[in-house]
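Working through the structure, step by step
Now for the letters of each chain:
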Amino acid sequence: MLKIGDFSKLSRISIRMLRHYDEIGLMTPWSTDHFTGYRYYSEDQLLKAVRINSLKDMGFSLAAIGEILNNYDDPKELAKYLEVRKVEVQEEMKESGQRLKLLDSAIQRLRKDDMAINYSVALKTMPQRYVASVRDMIPAYNQEGLLWKRLGEETHDINLQMSDPAYSLAVFHDRDFRDGDVDVEIQISVKSTYENTEHVVFKTVPKVEIASAVYKGSYDQITDVNLEVANWVRDNEFEFSGPMFCIYHISPAQTQNPEELVTEVCYPVKKI
């Protein structure tokens, strides 16, 4: 029989962890002195300790290790656990590689322009949404309010219920900047389903992966934000895959102070 301290040295498992293993039932002592509470282990338990250490080194959780130990002597069952963990590690490596690219890209952009940090770009997924949509040609980008007015007028009597979040946004369908007659679509996410009106179309918008940057203040910053997102897309080996859109987290409908506006510039992207 081995005292817990001796077993700890031989097994390379700290006394604290041995006590924890006992508490969760992963590895209980061979015997415990009822009077002193001292834990004693047998030499045979060293093999189990080696297996636990090996599985921990592979990244298995303690809960998973407990399950695996029950099947450890069955090579086919053990192989199944190891194959699953191998796939998980490969995915982790892929994610780590992507994080390294993101870090390197951010460092390079800061070296080129120390103001780049003002517009941090993130990769995210916009979920599938059911929206009320109005799309039309309008005289200029700053006339977008015409579309929102039309949406309000045509849905005033149908008790439109907004989703949470509502994702109030505008999609800019033109492939390049235009001085006039611009193709703009506004969307707002809604609950339930509704019949289309003369200009308002209700539809489901599929989920989409986007590169986006949130900024606070007036819309005069939009060019700088666009440039930062474009640089991020290029540096991280993505390409544009759809029309750009802006989410209005705090819009002119909520504040008349341009410095309080909060806008998210979004570009659908896909990996090259």
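Provided above is the structure to which this section pertains.
Residues numbered from 1 in each chain as written. Predicted model: local features only at pLDDT ≥ 70, side-chain atom pairs only at ≥ 80, totals over all residues. Heavy atoms only, no water.

Side note on the overall build of the protein chain
Formally: A helix here means a DSSP run of H or I that spans at least four residues, while a strand means a run of E at least two residues long, and both kinds are numbered starting from the N terminus. Here the globule rule is a power law, 2.2 Å times the number of residues to the power 0.38, and the radius of gyration is based on C-alpha atoms. Working definition: with a 1.4 Å probe on protein chains only, accessible area under 20% of the residue-type maximum means buried, over 50% means exposed, and in between means partly exposed. Throughout, a residue-residue contact means that at least one pair of heavy atoms, one from each residue, lies within 4.5 Å. In this charge count, Lys and Arg are treated as positive and Asp and Glu as negative; neither His nor the chain ends contribute. Each charge is placed at NZ for Lys, CZ for Arg, CG for Asp and CD for Glu.
Looking only at helices and strands, one finds seven helices and 12 strands in the protein chain. By the compact-globule yardstick of 19 Å for 272 residues, the protein chain is too spread out, its C-alpha radius of gyration being 29 Å. Judged by the C-alpha coordinates and their principal axes, the protein chain covers about 90 × 50 × 40 Å. Counting every position in the protein chain, which comprises 272 residues, the buried fraction comes to 35%. Contacts spanning at least 24 positions in sequence make up 67% of the contacts within the protein chain whose residues lie at least 6 apart. Positive and negative side-chain charges of the protein chain, numbering 33 and 43 respectively, have mean locations separated by a distance of 8 Å.

Regarding unusual backbone geometry
Going from Asp164 to Pro165, the amide bond is cis rather than trans, its omega being 5°. With phi around 55°, Asn159 is a residue other than glycine that occupies positive phi space. As for its position among the elements, Asn159 is in the loop between helix H6 (145-155) and strand S6 (169-172). Under the relative-accessibility criterion, Asn159 is labelled exposed at 55%. Even without a glycine there, the phi angle at Tyr167 is positive, about 50°.

What about the packing of aromatic side chains?
To keep it simple, the criterion reads: Working definition: rings of Phe, Tyr and Trp (its six-membered ring) pair if their centres are within 6.5 Å, and the pair is stacked with planes under 30 degrees apart, edge-to-face with planes over 60 apart, and tilted otherwise.
Counting across every chain of the model gives eight aromatic pairs. Seen from their ring centres, Phe7 and Tyr41 are 4.5 Å apart, and the 10° between their planes marks the pair as stacked. Residue Phe7 is located in helix H1 (residues 4-11), and its partner Tyr41 is located in strand S3 (residues 39-41); the two are separated by 34 residues in the primary sequence. Classification of Phe7 as buried rests on a relative accessible area of 0%. In textbook terms, an aromatic cluster arises when at least three aromatic residues are bridged by ring pairs, as seen for Tyr130, Tyr194 and Phe202.

Regarding the pairing of strand S7 (residues 182-189)
Selection rule: The rule for pairing is simple: two strands pair if DSSP sees at least two bridges between them.
Summarising burial for S7: eight of the eight residues are buried, a large majority. Here S7 shows a buried face lined by Val182, Val184, Ile186 and Ile188 and a second buried face lined by Asp183, Glu185, Gln187 and Ser189. Where strand S5 (residues 129-138) and S7 come together, eight bridges link them in antiparallel fashion. From the neighbouring strand, Ala132 faces S7, where its bridge partner is Ile188. Of the strand pairs in this sheet, S6 and S7 are connected by four bridges, and their pairing is antiparallel. Of the residues in S7, the one forming a bridge with Val171 is Glu185.

Points about the environment of Tyr41
With relative accessibility at 0%, the residue Tyr41 sits in the buried group. In this structure, the C-alpha to C-alpha distance between Tyr41 and Pro29, residues 12 residues apart in sequence, is 5.1 Å. Sequence-distant contacts of Tyr41, that is, excluding residues within four places in its chain, are made with Met1, Leu2, Ile4, Phe7, Leu18, Thr28, Pro29 and Trp30.

What about the nonpolar core?
Spelled out, the test is: To define a nonpolar core, start from buried Ala, Val, Leu, Ile, Met, Phe, Trp, Tyr and Cys residues and group those joined through side-chain atoms within 4.5 Å.
Ala132, Val190, Phe202 and Val229 are the most contacted members of the largest nonpolar core, which has 32 residues in total. Going through the elements one at a time, S5, H6, S6, S7, strand S9 (208-216), helix H7 (222-235), strand S11 (245-250) and strand S12 (262-271) are the ones with two or more residues in this core. Setting aside chain neighbours within four positions, we find Val190 in contact with Tyr130, Val131, Ala132, Leu160, Gln161, Met162, Ser163 and Phe202. With 19 residues, the next largest nonpolar core counts Phe7, Leu18, Tyr21 and Ile65 among its residues.

Observations regarding a nonpolar patch on the surface
The condition is simple: Excluding any residue in a salt bridge, patches collect residues exceeding 30% relative accessible area, merging like charges within 9 Å and nonpolar Val, Leu, Ile, Met, Phe, Trp and Tyr side chains within 5 Å. Each accessible area is a Shrake-Rupley result for a 1.4 Å probe, and residues are judged covered by the shown protein chains and nothing else. Salt bridge criterion: a side-chain nitrogen from Lys or Arg within 4 Å of a carboxyl oxygen from Asp or Glu.
A surface patch of nonpolar side chains, amounting to about 300 Å² of accessible area, comprises Leu100, Leu103 and Ile107. You can see Leu100 is positioned in helix H5 (residues 75-112).

A closer look at helix H4 (residues 62-69)
We count it as follows: The arc in question is the one traced by the directions running from the helix axis out to the C-beta atoms.
Buried within H4 we find Ile65, Ile68 and Leu69. On an axial view of H4, the arc spanned by its buried residues comes to 95°, and they lie on one face.

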